Amino acid sequence: QNRLVFSNMSIMDNMLVCASHQSLNPWHILFKRKKISRMDSELRLKAINIWEELLGPNNFLQEKQSDSAGTLSYGQQRILALCCLLMDSSNLVLLDEPTSGLSPNMVRQISQIIKKLKSKGVTLFVIEHNWEFVKENADYIFYLANGEISISGLKKDMLENELLKKDYINA
């Protein structure tokens, strides 16, 4: 539900911080500067590739990559946070109300990114109240009532479920 970006760091540095450094030996920083420099270049290229894949060429993140992430709008920071997830090659993502507080245009952009992530094989578990967003993006729906899963099923079945229609859709 948060933007989860480092607002005082540059957009690119936000991406770099999110990259997995598990194989990096601390001694490399001191003694293998060429390796570190090469890894940095590779990660910067990976960030640009992610932006282009999710947002298209010449996108706002690429154009402003040296700017502080805090200069981005609320919705743009959410998009940056989604892009950061891919720096670690995550294939399972949990999102808590990714469209909360966003304009309809920004919701459409988030929806497009979610579709691209799904097409890349990323599994998304999304908690969301925006029913239109859920209908457009979900494959499987869990409906929670009083803190428990009340009903669940494939989207096509859930759209016809009378309890869901009564309690949530038509409420």
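Residues numbered from 1 in each chain as written. Predicted model: local features only at pLDDT ≥ 70, side-chain atom pairs only at ≥ 80, totals over all residues. Heavy atoms only, no water.

Let's shift gears to the pairing of strand 1 (residues 92-96). Side chains Val-93 and Leu-95 of strand 1 all project onto a buried face; the interleaved residues Leu-92, Leu-94 and Asp-96 project onto a face where none is buried. In this sheet, strand 2 (residues 123-127) lies alongside strand 1 in parallel orientation, the contact comprising five bridges. In the sheet register, Asp-96 faces strand 2, and the bridge partner there is Ile-127. Of the crossover connections in this fold, the one passing from strand 1 over helix 6 (residues 104-119) to the parallel strand 2 is right-handed. (Buried < 20%, exposed > 50% of the residue type's maximum accessible area, 1.4 Å probe, protein only. Helix = DSSP H or I, 4+ residues; strand = E, 2+ residues; numbered from the N terminus. Pairing = 2+ DSSP bridges. Right-handed = clockwise from strand over helix to strand, strands pointing away.)

Attention shifts here to the packing of helix 5 (residues 74-85) against helix 6. For the pair helix 5 and helix 6, interaxial distance at closest approach is 10 Å and the crossing angle is 10 degrees. As the angle between them shows, helix 5 and helix 6 are arranged roughly parallel. Residue-level contacts link Gly-75, Gln-76, Arg-78, Ile-79 and Leu-82 of helix 5 to Met-106, Gln-109, Ile-110 and Ile-113 of helix 6. Tallied by class, residues from the contact of helix 5 with helix 6 come to five nonpolar, three polar and one charged. (Axes fitted to C-alpha atoms, helices over the stretch in contact; angles between N-to-C directions. Parallel < 35°, antiparallel > 145°, perpendicular 65-115°, else oblique. Contact = heavy atoms within 4.5 Å. Nonpolar A, V, L, I, M, F, W, Y, C, P; charged D, E, K, R; others polar.)

Put simply, the largest pocket is a space of about 770 Å³. Within the residue set of the lining of the largest pocket, elements represented by two or more residues are helix 6, strand 2, helix 7 (131-137), strand 3 (140-145) and helix 9 (162-169). Looking at the lining of the largest pocket residue by residue, the classes come out as 18 nonpolar, three polar and three charged. (1 Å grid on protein atoms, 1.4 Å probe; cavity = no way out; pocket = protein on both sides within 12 Å on 5 of 7 lines; lining within 4 Å. Points joined across faces, edges and corners; volume = space filled by probe spheres on them.)

Centre distance and the angle of the planes are the two values used to describe a pair of aromatic rings. Inspection of the entire model under this criterion finds two aromatic pairs. Ring geometry for Phe-125 versus Phe-142: centroids 6.3 Å apart, planes at 45 degrees, classification tilted. Here Phe-125 is found in strand 2, whereas its partner Phe-142 is found in strand 3, with 17 residues between them in sequence. Ring geometry for Tyr-140 and Phe-142: centres 5.3 Å apart, planes at 55 degrees, overall tilted. A relative accessible area of 41% means that Phe-142 is categorised as partly exposed. Three or more aromatic residues joined by ring pairs make a cluster, and in this case those are Phe-125, Tyr-140 and Phe-142. (Phe/Tyr/Trp six-rings, centres within 6.5 Å; stacked < 30°, edge-to-face > 60°.)

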